[in-house]
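A structural walkthrough
Chain residues, written in single-letter form:
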Amino acid sequence: MAVTIARATAAHVPALCAIERTAVELFRGHRAWSAYAAMAIPPELLEVATARGLVWVALEQDAPVGFVWLDDTMGEGMIGVAEIDVLPSHGRRGIGAALLEHACAWARAAGYRAVGLGTLGDVPWNAPFYERHGFAVVDKDEPAFARARERDRENGFPDDLRVFMSRDLAAPSVKEWTAWPAPAKLNLFLRIVGRRADGYHDLQTVFRLLDWGDELRVRVRADSGIVRANEVPGVPAEADLVVRAARLLQAEAGVAQGAEILVDKRIPMGGGLGGGSSDAATTLVSLNHLWGCGLTEDALAGLAHRLGADVPVFVRGRSAWAEGVGERLVPAVLPRRWYVVLDPGEHVPTAALFQAPELTRNAPPATISSFASGETVENAFEPVVRARHPRVAAALDWLSRFGRARLSGSGGCVFLETASLAQARKVVRECPAAFVAQLAAGVEVSPLHRALARHRGRSAMPEQPLRA
Ligand SMILES: C[C@@](CO)(OP(=O)(O)O)[C@H](O)COP(=O)(O)OP(=O)(O)OC[C@H]1O[C@@H](n2ccc(N)nc2=O)[C@H](O)[C@@H]1O
Ligand SMILES: Nc1ncnc2c1ncn2[C@@H]1O[C@H](COP(=O)(O)OP(=O)(O)O)[C@@H](O)[C@H]1O
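All figures in this text were calculated on a predicted structure; none of them were measured in a lab.

**Some details on the overall build of the protein**
Across its full length, the protein holds 16 helices and 17 strands. In terms of C-alpha radius of gyration, the protein reaches 23 Å, essentially the compact-globule figure of 23 Å for 468 residues. For the protein, the spread of C-alpha atoms along the three principal axes comes to 75 × 55 × 45 Å. Per-residue burial over the protein gives 42% buried out of 468 residues.

Laid out in structure tokens, this is it:
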């Protein structure tokens, strides 16, 4: 029966944990057995990794039969294989190899220079398997493996049995697909402080970037065509912000080449999470690199502003206090927090809301200290959206049982901030079927900028500075 590989979702996690427990049985009788037996994968870690797009599942008729989980905390341009497991009933069919190749291909497209892992030297489905797939044993004392060894010690894993291996990844050529994240944002509060002559509104908000979002695949074309390579329901290619962003950069930087862009949409559209804006920013940042335009961050943020009020923050890549229409940004260092984002499935039209007569558009300006003290958390759109969109109101009401529920941007997505992952998971688990719940962490630096740093580290061409 055919097996396909897909990005795993939170719904797969219980099955993946069960696969790991079944696969570990193969070690019964081995000297490392007691450590393996005591070392089940904490489901919350796998849930966080799936939200961040770091887990792929092998599916046979929609049923998970194996998975690979990547660890992006190793540093030094290396990504780790945290876990790879296949049901023993499905062994010797090449599923593990296909998962490994899939993960390595993604890592290469995402700009990593190597894949590392820790395994056992003495069992055939471990080190010898990886050797056949291009991995070589490396020095255990390499700093990239320090955390893995530390974890081994904590878990009582026999150090003499452990070998660390790595496989180098060739830099993608300019004609190959590269992978770039486009994170979602939340507005932690939003106040409208005035209306301008051009009809736009001056606002104050705090943009919090998340570690969850869309993913773009981008490759350069020799001709000048700008092509969106997949269908996005409800967004014709010509109207897509990625196409508009690519054309704008191409024209402004005088680029002769073109690009193909594939958009893997995960952020609900019209949800107030800035998905289209983030896709546009990722297009600008990735093509500035791939086309070798050498535009500074300030110049790119200027182009971003022309595409939409929410685009500059994603180009800057830092959670920020924002004023103006959202283009005057001061990076904000925010506490580590988790978010439960609820999608009530309601597309809220932003322009119509800004025109609503009942909208408070002359609020007194808030101060950074009133936000920092937790006093300023309101969103000016919330009463308007509540009255016009009953499903959003229902989502706010349900989420309010657990704490201060807030609307993001002009909605319709709502969210709850929590201080612990456990609290966020509890809320996600209780979420009724009427809403889709997403768990995400707030980040200080955008995943886009981490990706840019990796791609630049790999670049053969001399880079011009992104900062002026
Ligand atoms: C409300 C916010 C808060 O972050 O987010 P979303 O709900 O869209 O995520 C943003 O201000 C939305 O930014 P963005 O979605 O980029 O807006 P744009 O495309 O520039 O503008 C869409 C329309 O909204 C109105 N608009 C937008 C921004 C602003 N400061 N004043 C406005 O009056 C204008 O009528 C404009 O035609
Ligand atoms: N790449 C894109 N992704 C999402 N929406 C897009 C994109 N390009 C254009 N749009 C249009 O922008 C609208 C707003 O989308 P989005 O940015 O996701 O929401 P919001 O502005 O509420 O945060 C969509 O309804 C869609 O018509």
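**Looking at the UniProt feature "active site" (unreviewed entry) in the protein**
Within this numbering scheme, the UniProt entry marks K185 and D310 as carrying the feature "active site" (unreviewed entry). Spatially, the listed residues are clustered: although they cover 126 residues, their C-alpha atoms lie within 9.4 Å of one another. Within the secondary structure, K185 sits in strand β8 (residues 178-195). A residue is classified by how many C-beta atoms lie within 10 Å of it, and K185, with 28 of them, is buried. Once residues lying within four places of it in the same chain are set aside, the contact partners of K185 are F207, R208, L209, L210, L273, G274, S278 and V313. Within the element layout of this structure, D310 appears in the loop between α9 (297-307) and α10 (311-316). The exposure class of D310 is buried, given the 28 C-beta atoms found within 10 Å. If near-sequence neighbours (up to four positions away) are discounted, D310 is found in contact with G274, S277 and G326.

**So, the confidence of the model for the protein**
A residue-level look at the protein finds 98% of positions with pLDDT of 70 or above and a mean pLDDT of 94. Here residues 461-468 is a poorly scored stretch, pLDDT under 50, and it has ten contacts once near neighbours within four places are set aside; other chains count. Reported for the predicted complex are a pTM of 0.95 and an ipTM of 0.96.

**Some remarks on the pairing of strand β9 (residues 201-221)**
A large share of β9 lies buried, amounting to 16 of its 21 residues. Where β8 meets β9, 14 bridges bridge the pair, whose relative direction is antiparallel. Across the sheet, the residue bridging to A182 is D214, located in β9. Hairpin connection from β8 to β9: five residues lie between these consecutive antiparallel strands, with G199 at a positive phi of about 90°. The sheet contact formed by β9 and strand β12 (residues 320-323) spans three bridges and is antiparallel.

**Some remarks on the site of ligand 2**
Near ligand 2 lie 20 residues; those nearest to it are L241, G270, G275, G276 and D279. No other element matches helix α8 (residues 275-290), which puts four residues into the shell around ligand 2. Looking at the shell around ligand 2 residue by residue, the class counts come to eight nonpolar, ten polar and two charged.

**A closer look at the sheet that holds strand β2 (residues 55-60)**
Taken together, the seven strands give an open sheet; going across it, the order is β1-β2-β3-β4-β5-β7-β6, and neighbouring strands pair in mixed fashion. Since the sheet does not close on itself, it has two edges, and those belong to β1 (3-7) and β6 (136-138), each with one partner. Neighbouring strand axes in the sheet, compared pairwise and without regard to direction, differ in orientation by 30° on average. For β2 and strand β3 (residues 63-71), the ladder comprises six bridges, and the chain directions are antiparallel. Counterpart to A58 in the pairing with β3 is G66. Along the sheet, helix α4 (residues 95-109) makes contact with β1, β2, β3, β4 (78-86), β5 (114-120) and β7 (162-168), crossing β3 at roughly 40°.

**Description of the site of ligand 1**
As a structural note, the neighbourhood of ligand 1 is formed by 20 residues, with G308, D310, V325, G409 and S410 the closest of them. Counted by class, the shell around ligand 1 contains seven nonpolar, twelve polar and one charged residues.

**Structural notes on the UniProt feature "binding site: ATP" (unreviewed entry) in the protein**
The residues that UniProt annotates with the feature "binding site: ATP" (unreviewed entry) are P268, M269, G270, G271, G272, L273, G274, G275, G276, S277 and S278. Considering the arrangement of structural elements, one finds L273 in the loop between β11 (258-264) and α8. Accessibility expressed as a C-beta count within 10 Å gives 32 for L273, which makes it buried. The contacts of L273, once residues within four sequence positions are left out, are A184, K185, I267, P268, S408 and C413. Residue S277 is classed as buried on the basis of its 27 C-beta neighbours within 10 Å. Apart from the residues lying within four places of it in its own chain, the contact partners of S277 are L241, G308, D310, V311 and F314.

What counts, and at which threshold
Residues numbered from 1 in each chain as written. Chains lettered and ligands numbered in written order. Predicted model: local features only at pLDDT ≥ 70, side-chain atom pairs only at ≥ 80, totals over all residues. Helix = DSSP H or I, 4+ residues; strand = E, 2+ residues; numbered from the N terminus. Rg over C-alpha atoms; globule rule 2.2 N^0.38 Å. Buried ≥ 20, exposed ≤ 12 C-beta atoms within 10 Å, placed from the backbone. UniProt positions renumbered as here; feature names shortened; annotations may be inferred. Contact = placed C-beta atoms within 7 Å. pLDDT = per-residue confidence, 0-100. Pairing = 2+ DSSP bridges. Near = placed C-beta within 6 Å. Nonpolar A, V, L, I, M, F, W, Y, C, P; charged D, E, K, R; others polar. Axes fitted to C-alpha atoms, helices over the stretch in contact; angles between N-to-C directions.

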